[in-house]
Amino acid sequence: MAKQENPDDQEYKARSTALRLLARREHSRLELSLKLRQRRIESTIIEAVLDEYEQEGWLDDARFADVYARQRMDLGYGPVRILAELQQRGVHRSPECLSEMGEEDWCQQATSLRAKRYGLTDLSDDWDEKARQARFLTRRGYDAGQVERALEARSEQE
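Now for the side chain of Glu85. Position of Glu85 among the secondary structure elements: in helix α5 (residues 79-88). Residue classification places Glu85 among the buried positions, given a relative accessible area of 9%. Apart from the residues lying within four places of it in its own chain, the contact partners of Glu85 are Tyr68 and Arg72.

The next thing to look at is the pattern of salt bridges. Side-chain pairs of opposite charge can arise whenever the charged atoms involved come near each other. Taken as a whole and assessed by the stated rule, the structure comprises 15 salt bridges. The partner of Arg154 in a salt bridge is Asp122, with the nearest N and O atoms 2.9 Å apart. Here Arg154 is found in the segment after α9 (144-152), whereas its partner Asp122 is found in the loop between α7 (103-117) and α8 (127-139), with 32 residues between them in sequence. Classification of Asp122 as partly exposed rests on a relative accessible area of 49%. Shared partners join several salt bridges into a network, and the residues in it are Arg29, Arg37, Glu47, Asp51 and Glu54.

Cut-offs used in this document
- Residues numbered from 1 in each chain as written.
- Predicted model: local features only at pLDDT ≥ 70, side-chain atom pairs only at ≥ 80, totals over all residues.
- Heavy atoms only, no water.
- Helix = DSSP H or I, 4+ residues; strand = E, 2+ residues; numbered from the N terminus.
- Buried < 20%, exposed > 50% of the residue type's maximum accessible area, 1.4 Å probe, protein only.
- Contact = heavy atoms within 4.5 Å.
- Salt bridge = Lys/Arg side-chain N within 4 Å of Asp/Glu carboxyl O.

These results come straight from atomic positions and should not be treated as a statement about function.
Put into structure tokens, the structure is as follows:
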């Protein structure tokens, strides 16, 4: 028998809110928990609902991490930043799509980002511009080796 809908019922509110949020996009368990706490739902009810949703397969941190990492990669972000953002969202494992990318792939992505933003001019004599572009790539989440290779590239194939 279906449970009567009662907007004052904390468990009903938690279930419906969590399901509505998950229908829009993937969320990590931590994100969903925080959003439910903002709605003043008790922690014990939140944990029970999230446990049930994980068992049903509606809430999955690994799936969230993969989707999130792919979106950020498509936007030109590097591995350092993507992993840091995932940790802020409560996911402490590296998604498989990041593991599939090799060092060469990350260097290529950093080079493409630099080419799109600044062009691939020779920076050997312009230290200020080189530092500016290096800061940009570092903020985007590329490590020092990837940044250096991107700054040395003269074509996107390098």
